[in-house]
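Structural description and commentary
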Amino acid sequence: MLKSVVESITQTLINDGINAVAAFPVADFDKQKTVICVSIRSVKITSCGCGNYIGLCLENGVIKEMFGSHGSLKIGLDIYSPMPDCENLKENVCNSLGSMSSLKVKSFEASEVSFDGKSEMYYCKCTAEAEASLVRSLSEPAGVFKLEED
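Read on for an overview of the structure. None of these values were measured; they are calculated from a predicted model.

1. Thoughts on unusual backbone geometry
Of note in the backbone geometry, N60 takes a positive phi value of approximately 55° without being a glycine. Checked against the element boundaries, N60 lands in the loop between strand 3 (53-59) and strand 4 (62-81). Residue class for N60 comes out exposed when judged on its relative accessible area of 64%. Positive phi values are uncommon outside glycine, yet E120 reaches one of about 60°.

This is the structure in structure tokens:
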């Protein structure tokens, strides 16, 4: 379930023109290009209430009930760059996360940029705190009609 969260964030960043990879397992990446390594630093999963009911959604014109859990996430968005100037990228990453309808970003924190001898690149540790509904199953409630799309 959490792997899909990382994949979704990584794909959103890529769709917004930001070079991103899932941090684990460690991916080989081009050290000539800036890259964002996406990971889950920590997660707290809690019940959504009665029967883990989240709410309703629309899938392929059919109303479905969602069941799952509520997640409080700390998301790692570590920047590795051949150049020390990462200010615009920090802002772009923050904006990209904010555009995701599946996440409610509560805060975004970025450290100072420093040189990382192990990767031989400049490094900036970024962390976003976010809330998300972690859907485990969808079901069609009894008596629901399929909506016709225009």
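Picking up where we left off.
2. So, the side chain of S81
Along the chain, S81 falls in strand 4. Side-chain polar atoms of S81 contact the side chain of T34, separated by 3.0 Å. From its side chain, S81 meets the backbone oxygen of M83 in a polar contact 2.8 Å long. Ignoring sequence-local partners within four residues, the contact set of S81 consists of T34, C86, M121 and Y122.

3. What about the side chain of K90?
Within the fold, K90 resides in helix 2 (residues 87-98). On the accessibility criterion, K90 (10% relative accessible area) is buried. Among the polar contacts listed, one links the side chain of K90 to the side chain of E87, at a separation of 3.0 Å. With sequence-adjacent residues up to four places away left out, K90 is seen in contact with I79, F108, A110, S111, V113, C124 and C126.

4. Describing the pattern of salt bridges
Evaluation of the coordinates by the stated rule reveals 4 salt bridges. The shortest N-O distance in the salt bridge between K106 and E131 comes to 3.1 Å. Taken together, the positions of K106 in strand 5 (residues 104-110) and E131 in strand 8 (residues 126-139) put the pair 25 residues apart, joining distant regions of the chain. Residue classification places E131 among the buried positions, given a relative accessible area of 15%.

About the cut-offs
The written sequence of each chain sets the order in which its residues are numbered from 1. Side-chain atom pairs in this predicted model are given and counted only at pLDDT of 80 or more, local residue features only at pLDDT of at least 70, and totals for whole chains, interfaces and linings cover all residues. Only heavy atoms go into the side-chain values, all of them from the structure, while hydrogens and water stay out. Numbering of helices and strands runs from the N terminus; a helix is a DSSP stretch of H or I covering at least four residues, while a strand is a stretch of E covering at least two. Each residue is assigned to one of three classes by its accessible area relative to the maximum for its type, calculated with a 1.4 Å probe on protein chains only: buried under 20%, partly exposed between the two thresholds, exposed over 50%. Side-chain atoms alone can form a polar contact between residues adjacent in sequence; in general such a contact is a pair of N or O atoms within 3.5 Å, and within protein one must be able to donate a hydrogen while the other accepts it. In what follows, a contact means two residues having at least one pair of non-hydrogen atoms within 4.5 Å. Think of a salt bridge as a Lys or Arg side-chain nitrogen and an Asp or Glu carboxyl oxygen that are within 4 Å of each other.

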